[in-house]
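# Summary of the model geometry
Single-letter residue listing:
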Amino acid sequence: MDEGVAPIGVEADARAVQNAVRRARVGLVDRDVLTEVVALCAVSGEHLLVVGPPGTAKSDAVRRVSQQLGGQYFEYLLGRFTEPNELFGPINLQRLREGVVEVETAGMVPEADIAFLDEVFLGSTAILNTLLGILNERVYRRGNTLVACPLRLCVGATNRLPDDPALDAFADRFLARVFVEPVADARLEELLESGWQAESPAPLVGESLIPALERLSVAARACDHTQVRSLLGIAVRRLRSAGVMLSDRRVVRAQRLVAAAAILDGRSFATADDLWVLPLVAPTADTQVLARETLVDLLATSKNATLLHAAEEFSRGPAARAERLAEAGRQLLDGLDESPDPDALLRIEATLREVDAAFTAEDLPSGLTEVRSQLVTASQAHAAPADS
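Conventions used here
Residues numbered from 1 in each chain as written. Predicted model: local features only at pLDDT ≥ 70, side-chain atom pairs only at ≥ 80, totals over all residues. Heavy atoms only, no water. Axes fitted to C-alpha atoms, helices over the stretch in contact; angles between N-to-C directions. Helix = DSSP H or I, 4+ residues; strand = E, 2+ residues; numbered from the N terminus. Parallel < 35°, antiparallel > 145°, perpendicular 65-115°, else oblique. Contact = heavy atoms within 4.5 Å. Nonpolar A, V, L, I, M, F, W, Y, C, P; charged D, E, K, R; others polar. Pairing = 2+ DSSP bridges. Phe/Tyr/Trp six-rings, centres within 6.5 Å; stacked < 30°, edge-to-face > 60°. Buried < 20%, exposed > 50% of the residue type's maximum accessible area, 1.4 Å probe, protein only. Lys NZ or Arg CZ within 6 Å of the ring centre and 35° of its normal.

Below, the discussion takes up the packing of helix α2 (residues 32-44) against helix α13 (residues 308-315). Running from N to C, α2 and α13 cross one another at 105°; their axes reach a closest spacing of 8 Å. If you check the angle between α2 and α13, you find them roughly perpendicular. Mapping the contact onto sequence places D32, V33, E36 and V37 in α2 and L308, H309, A310, E313 and F314 in α13. Looking at the contact of α2 with α13 residue by residue, the classes come out as five nonpolar, one polar and three charged.

This paragraph deals with the environment of E102. Among the structural elements, E102 can be located in the loop between α5 (93-97) and β3 (114-118). Once the C-alpha coordinates of E102 and P90 are considered, the two residues, twelve residues apart in sequence, prove to be 8.6 Å apart. Each residue touching E102, except ones within four places of it in the same chain, is listed here: P90, I91, N92, R95, N144 and T145.

Here we come to the sheet that holds strand β1 (residues 48-51). Sheet architecture is open: five strands sit in the order β2-β3-β6-β1-β7, paired in parallel fashion. A single partner strand is all that each edge strand has here, and the edge strands are β2 (73-77) and β7 (176-179). Sheet twist, expressed as the mean angle between neighbouring strand axes with direction ignored, is 15°. Here β2 pairs with β3 via five bridges, running parallel. When the bridges of β3 are listed, L77 appears paired with D118.

For the structure on display, the rule yields four aromatic pairs. Their ring planes at 10° and their centres at 6.2 Å tell us that F74 and Y76 sit as a pair that is stacked. Judged by centre distance (5.6 Å) and plane angle (75°), the rings of F170 and F174 are edge-to-face. Classification of F170 by relative accessible area gives buried; the value is 5%. Judged by relative accessible area, which is 0%, F174 ranks as buried. Above the ring of F269, the side-chain terminus of R267 is found at 6.0 Å from the ring centroid.

Pasting the structure below:
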């Protein structure tokens, strides 16, 4: 095995996660990035905040990924009058009569592998303080109850970022941020068709992937940052100088996202290819745009074989775009081999147009050159019967 290449078992785990994300987004429109970032955070062990208006499929996307990953899932919509026992479990009344405070946590946040908390900032002080302990330490404490939480990932959702400074410390525990907008006008027909069909997510294939996520997490914790540490320092200094304020905690923990990206890309060491995760830790939509602009040269080589859409979105780099287009082309070609698709020619031509719009013949990466050539051959083969 080549030095620096992730172990074969880890590569298989990464492919399993990639396939799970693909299944999860069947029937979703324009939520590729969100589903992939959920997977990235599940491997890194960092929490994710999703910000966007109501009705933009935030909860549906998270729910679908969680279903495909398996494990214990907890979901709740918080409100001003939500009680702590609705999240953490009720008091055991029998034990309370004996003078002992114990909480029945079965099926609640303390025993979840993945938790999704909608309108997370509407929780009371008691709820947020308790959540803070779970998010930070993975431990739930109340009275005589002490539970080691298996929580891999908490996804919080909100319509907008809070204005209350008192919530800053809690919000800072969500390292990654994804800002969701309504589906673009250009894809409205696709949205309408998908919504009309109301396609349900595919059921979990095989066993839960929680053990695979744990193996990937272990590999990420052992990831070598030697090659990229100086680049991370340069990037953080640039961001701070540009006005993207990052706390020391966020700077340090960003390395976990970098490591997870490297492992999911099939390497046991981090490189400049993994720096695309840095805009994710910028706290607002505007500062994420600023981060991409400020780091444009450092993000140019960014790519990820497992998280194709997320790497492209947060780097806006040519390498990530080429990786995503090459994979899209390969999937189209594989589909032709499996079963005839009446729309195959249209899909192939659309992909070829996107390739040619993104790259000149001189700049076309070698891997994409081969896929493009195969797509052209396939297009000619499908068009031939219609011409005869």
